[in-house]
Amino acid sequence: MLNTLIDAAGAGRRSVAWLGRMMGYAAGWCFIGTAGLITFDVLARRFLGFSTQATTELSGYALAFGMAWGLSHTLSMRAHVRIDVIVNLFPDRIRYWLHLTSLAFLAVLAGYLFYGAWTLVEESMLFNATDISVIRTPLAIPQGLWAFGIGIFLLLILALLIECFLLIVAGRGGEAESLLHSRTYQEEVAEALEAVGEPNAEEIAKSIQPEVKP
């Protein structure tokens, strides 16, 4: 029964993680588009004598939207900044629960952020608020995209929390830790090798041993 619940929780977590990955890609292209818009606006002012007059507004929306939409994929890749020097000194059984506790605190923070973001969207919809700009963007649109990114981030945290809790209870804490702990240097090396097209990236990374200094 417990293994069935773990499998179901894992499937749910992977589904949300897939959505987060697609959102991360969208955020990346959004940043590229923003850079292109800024470049065009600078060149147009210099050589063509006109401006879009909306670059500052749209780039601000893109930064907020891109940041929120990149949170979930970053969590899946375990790429958020963490300081776990002290945590790693504890025995396995204690360390597993400490990882879970930190994830629970992150869920509280994300929940608070999502509540505030959604409240802001509701207020903008209630008053039909628009930006004070040339294009007068309805604020509920960029705010809604921002809140959606935070909401998916919260959903992924909760899915991870449930799966990892079940894994620890089932005596499979090592699997839970593999989903939560900071990335190892082998994983970082493998990612760098994959980025340059190395077909045997994982095997090469595993063969690298840390240098031990006397």
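Residues numbered from 1 in each chain as written. Predicted model: local features only at pLDDT ≥ 70, side-chain atom pairs only at ≥ 80, totals over all residues. Heavy atoms only, no water.

K.L.:
Any chance you could explain the overall build of the chain here in plain terms?
P.N.:
Helices and strands together make up the secondary structure of the chain, namely seven helices and zero strands. Taken over the C-alpha trace, the chain has a radius of gyration of 22 Å; the compact-globule value for 214 residues is 17 Å, which it surpasses by more than 25%. In terms of its C-alpha atoms, the chain occupies a principal-axis envelope of roughly 65 × 45 × 30 Å. Taken over 214 residues, the chain has a buried fraction of 31%. Put simply, 67% of the contacts in the chain that link residues at least 6 apart link residues at least 24 apart. Summed over all atoms, the accessible surface of the chain reaches about 13500 Å², with 68% contributed by carbon and sulfur. (Helix = DSSP H or I, 4+ residues; strand = E, 2+ residues; numbered from the N terminus. Rg over C-alpha atoms; globule rule 2.2 N^0.38 Å. Buried < 20%, exposed > 50% of the residue type's maximum accessible area, 1.4 Å probe, protein only. Contact = heavy atoms within 4.5 Å. Areas by Shrake-Rupley, 256 points an atom, 1.4 Å probe, with all protein chains shown as cover.)

K.L.:
Before we go on, may I ask you to explain the environment of Leu179 in this structure?
P.N.:
Of note, Leu179 is situated in helix H5 (residues 173-180). Placed 16 residues apart in sequence, Leu179 and Glu163 show a C-alpha to C-alpha distance of 9.7 Å. When near neighbours in sequence (up to four residues on either side) are disregarded, Leu179 contacts Arg13, Arg78, Leu160, Glu163, Cys164 and Leu167.

K.L.:
Would you mind showing me how to read the packing of helix H3 (residues 92-127) against helix H4 (residues 140-169) here?
P.N.:
For any two helices packed against each other, one specifies the crossing angle of their axes together with the interaxial distance. Relative to each other, H3 and H4 sit at 155°, their axes nearing to 8 Å. In terms of their interaxial angle, H3 and H4 are classed as roughly antiparallel. You can see that H3 and H4 cross each other, and the crossing is left-handed. For the contact of H3 with H4, the residue count by class is 28 nonpolar, five polar and no charged. (Axes fitted to C-alpha atoms, helices over the stretch in contact; angles between N-to-C directions. Parallel < 35°, antiparallel > 145°, perpendicular 65-115°, else oblique. Left-handed = near helix turned anticlockwise from the far one by under 90°. Nonpolar A, V, L, I, M, F, W, Y, C, P; charged D, E, K, R; others polar.)

K.L.:
Please explain unusual backbone geometry as it appears in this structure.
P.N.:
Most peptide bonds take the trans form, and the phi angle of most residues other than glycine is negative. Residue Asn128 is not a glycine yet carries a positive backbone phi of 50°. Tracing the backbone through its elements, the reader meets Asn128 in the loop between H3 and H4. For Asn128, a relative accessible area of 64% corresponds to the exposed category. Positive phi is not limited to glycine here, since Arg136 has a value of about 45°. Within the secondary structure layout, Arg136 lies in the loop between H3 and H4. Given a relative accessible area of 48%, Arg136 falls into the partly exposed group.

K.L.:
Looking at this structure, how should I read H4?
P.N.:
One turn of an α-helix holds 3.6 residues; hence residues three or four places apart share an orientation. Over its 30 residues, H4 runs 42 Å from end to end, which matches the ideal 44 Å to within 8%, given 1.5 Å per residue. One or two positions beyond H4, positive phi appears at Gly171, with a value near 80°. (Expected span 1.5 Å × (residues − 1).)

K.L.:
I keep staring at the pattern of salt bridges and nothing clicks. Help me out?
P.N.:
One side chain can pair with another of opposite charge once the charged atoms of both are near each other. Within this structure, the stated rule accounts for five salt bridges. For Glu163, the salt bridge is made with Arg13, and the minimal N-O distance between the two is 2.7 Å. One end of the pair, Glu163, is in helix H4; the other, Arg13, is in helix H1 (residues 2-48), and 150 residues separate them in sequence. Its relative accessible area of 5% is what places Glu163 among the buried residues. Glu177 serves as the salt-bridge partner of Arg95, at 2.4 Å between the closest nitrogen and oxygen. (Salt bridge = Lys/Arg side-chain N within 4 Å of Asp/Glu carboxyl O.)

K.L.:
In this structure, what is going on with the packing of aromatic side chains? I would like to understand it.
P.N.:
Ring pairs (aromatic) are described by centroid distance and by the angle formed between their planes. Throughout the structure, instances matching the rule amount to four aromatic pairs. Judged by centre distance (6.1 Å) and plane angle (65°), the rings of Phe40 and Phe50 are edge-to-face. Of this pair, Phe40 sits in helix H1 while Phe50 sits in the loop between H1 and helix H2 (55-76); the two residues are ten residues apart in sequence, bridging distant segments of the chain. Ring geometry for Phe65 against Trp69: centres 4.6 Å apart, planes inclined by 50°, an arrangement best described as tilted. Separated by four residues within a single helix, Phe65 and Trp69 lie in helix H2, roughly one turn from each other. Assessed through its relative accessible area of 14%, Phe65 is described here as buried. Look at Trp69 and you get buried, because its relative accessible area is 14%. (Phe/Tyr/Trp six-rings, centres within 6.5 Å; stacked < 30°, edge-to-face > 60°.)

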